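Commentary on secondary and tertiary structure
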Amino acid sequence: MNQKYLQYEDKTSIFRTLWAKPSKTSSADLIHLFSDCIRAASSRTKEYLLFRDPENKFHPSPSTLSEIFLMTYVQHSSLLNLSDTFNCTAMTHEQRILLGAHWVWAVLDQPSKNPRIQIAVHVFHLPERTEDNLEDLSLDIYSDIMRMAGMAVVERTQAERMVEFCSSIGRDCYALFLFFGRQSDEGNIYGLLSNNLQAAVGKCVRIDQVFIDHFFKGAKCFATSSGMMQTLVGKEGDDPLTMLVKFT
Amino acid sequence: MELYGKMAATQDNKQKESSDQNFDYMFKLLIIGNSSVGKTSFLFRYADDTFTSAFVSTVGIDFKVKTVYKSDKRIKLQIWDTAGQERYRTITTAYYRGAMGFILMYDITNEESFAAVQDWATQIKTYSWDNAQVILAGNKCDMDEERIVSVDSGRLLAEQLGFEYFETSAKDNINVKQTFERLVDIICDKMSDTLEADPAVSTGTPTTRLSDNTTPPQQSDCSC
Ligand SMILES: Nc1nc2c(ncn2[C@@H]2O[C@H](COP(=O)(O)OP(=O)(O)O)[C@@H](O)[C@H]2O)c(=O)[nH]1
Ligand SMILES: [Mg+2]
């Protein structure tokens, strides 16, 4: 562990100066531990994404796949004692409708434990795995809830709700859209991370799976999960940031 | 485990309940107050009769639905649980609009949460409508040995702010149901006052007909 950590420090020395001083070591730990947990979660999920049974009887649903990912992540993060500095909150059913997020990761400030950086996560699945009209159903329920709450009903896709939620918090809250498999690459897990999609909400485009998938067209370079976390932890100021990540 | 601490069971009937339009009245209620005073626990105790000692800080906003009956009327309570931290202020205050009642909560073992009550009251004034009813709740009254805020100072502050007052415990289930029931009562009282005071309404039948179920009554037509 110690040795691993030292190696790690060498590789990332350029980032060291960028890190917040009081938590320099814990930032390095955090990046390292986070990517360990992600590696475990993604590779287990990948097994299921690629699973084909000869009789074609098993079709894990989108929610099952998300749960496999999250459960593996949580198992590892508690084994590694990560949840004190970087926690993971699964959204309730109601929150998934309201905020469009499936879970939210947060880097916690010590000792207040208030979130310093947040990542709201929404998972997209391959169209053949997705139950029909899930998005429409969610829109209907959302509209009913809002109407009952006496609030303006604005049509928003789940992705748009999540983007708006993130932007209501600020630039230190990122939207991460995970793709459990993409059309030409069913087994791998990709993600688009951004704190800058707000500008597009309510414009002519509809932010949904198809829209976000466009970001990947022609992309050749992807960040790793540790690269993603490094960028987030090292970032200062309110600049916009958008990056493509490959998790498997 | 932290993650699973307060994850609601996701059943299909829950989904229906949250948007089900079959009711006579709909009251939108909010629970507000500093982080960790027990807002989420209070709602879980009321809606599901459960309690967990694990602290899962609420992300942004959440809600639960509970239907109560009063004088043969179905009253649906849409109860919003808010996150207390400053970073969620934009999203939480957006939900104040149209709220008919608030439970403003502090923790009797936490001075800071009591000192913040005034600010929360100001938030209500700023973001909600004038007739919103408020109950001040001093939670965690099971922890009397660690009490810092006396019953008297709680009651006095409530009086000054014009709120009703309860000491509660989500853990030991003290005054949880009573707080919600009282809030529903004072909302109903306020509504019938408004009806009487408003000549345009009171020239009609004093007992207001139930309005079309698809448009939930907001403020002016409750006769419960
Ligand atoms: N002793 C005691 N602890 C409580 C009570 N209500 C909540 N708690 C605990 O206080 C912590 C914060 O509660 P929570 O409901 O998440 O607070 P919130 O941030 O206001 O939603 C949790 O650890 C709860 O278990 C109570 O009535 N008595
Ligand atoms: Mg809470």
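Located above this text is the structure these notes cover.
On a predicted model such as this, the values are computed, not experimentally measured, just so you know. Residue numbers restart at each chain and count upward from 1, following the sequence in its written direction. Chains and ligands are labelled sequentially in the order written, the chains with letters from A and the ligands with numbers from 1. Note on the predicted model: pLDDT of at least 70 is required for a residue's local features to be given, and 80 or more for side-chain atom pairs to be given and counted; whole-chain, interface and lining totals, by contrast, use all residues. The side-chain values count all of the structure's non-hydrogen atoms but skip hydrogen atoms and water molecules.

**Considering the sheet that holds strand 5 (residues 185-194) of chain A**
Residue and element names in this part refer to chain A. Basically, it comes down to this: Any two strands between which DSSP finds at least two bridges are classified as paired. A run of DSSP states H or I qualifies as a helix once it reaches four residues; a run of E qualifies as a strand once it reaches two. Both are numbered from the N-terminal end. What counts as an axis is a line fitted to C-alpha atoms, over the stretch in contact for a helix, and the angles between N-to-C directions run from 0 to 180 degrees.
Spatially, 1-2-3-4-5-6 is the arrangement adopted by the six strands of the open sheet, whose pairing is mixed. If you trace the sheet from one side to the other, it starts and ends with strand 1 (86-90) and strand 6 (242-246), each paired once. Strand-to-strand twist of the sheet, defined as the mean angle between neighbouring strand axes without regard to direction, takes the value 20°. As judged from the eight bridges shared by strand 3 (residues 115-125) and strand 4 (residues 173-182), these two strands associate in the parallel manner.

**As for the nonpolar core**
Defined as follows: By convention a nonpolar core is built from buried Ala, Val, Leu, Ile, Met, Phe, Trp, Tyr and Cys residues, the set being connected through side-chain atoms within 4.5 Å. Relative accessible area decides the class of each residue, using a 1.4 Å probe on protein chains only: under 20% of the type maximum gives buried, over 50% gives exposed, and in between gives partly exposed.
Counting residues in each nonpolar core, the largest one holds 66 residues, and the members touching the most others are Leu98, Phe177 and Ile212 of chain A together with Trp80, Phe102 and Leu104 of chain B. Element by element, the count of residues in this core is highest for helix 7 (residues 158-169) of chain A, at six residues.

**Observations concerning the packing of aromatic side chains**
Where we set the bar: Stacked, tilted and edge-to-face pairs are distinguished by plane angle, under 30 degrees for stacked and over 60 for edge-to-face with tilted covering the rest, among Phe, Tyr and Trp rings (Trp via its six-membered ring) whose centres lie within 6.5 Å. Lysine and arginine charges are scored as sitting over a ring when NZ or CZ, respectively, is within 6 Å of the ring centre and within 35 degrees of the ring normal.
Counted according to the given criterion, the structure contains 23 aromatic pairs over all chains. Measuring from centroid to centroid gives 5.2 Å for phenylalanine 124 of chain A and phenylalanine 179 of chain A, while their planes differ by 50°, and the two rings are tilted. Taken as a pair, phenylalanine 124 of chain A in strand 3 and phenylalanine 179 of chain A in strand 4 lie far apart in primary sequence, 55 residues in all. Comparing phenylalanine 124 of chain A with phenylalanine 179 of chain A, the two get one shared label, buried. Ring centres of phenylalanine 211 of chain A and phenylalanine 215 of chain A lie 5.9 Å apart, and the angle between their planes is 75°; on these two criteria the pair is classed as edge-to-face. Classification of phenylalanine 215 of chain A by relative accessible area gives partly exposed; the value is 32%. Geometry around phenylalanine 44 of chain B places lysine 64 of chain B over its ring, the cationic atom sitting 4.4 Å from the centre. Of note, lysine 66 of chain B hangs over the ring of tyrosine 46 of chain B, and the distance from its end group to the ring centre comes to 4.9 Å.

**A closer look at the site of ligand 1**
All names here are of chain B. Filter applied, for reference: A single heavy atom is enough: if one lies within 4 Å of a molecule or strand, its residue is considered near that molecule or strand. The definition of a polar contact used here is a pair of N or O atoms within 3.5 Å, where within protein one atom must be able to donate a hydrogen and the other to accept one, and adjacent residues in sequence count solely through side-chain atom pairs. Areas reported here follow the Shrake-Rupley algorithm with a probe of radius 1.4 Å; residue values treat only the protein chains shown as occluding.
Close to ligand 1 lie 21 residues, the nearest being Ser36, Thr40, Ser41, Asp142 and Ala170. Within the contact set of ligand 1, an oxygen atom lies 3.2 Å away from a backbone nitrogen or oxygen of lysine 171. Relative to its free-state accessible area of 570 Å², ligand 1 is covered by the protein chains to the extent of 91%. Ranked by residues supplied to the shell around ligand 1, first place goes to helix 2 (residues 39-48) with three residues.

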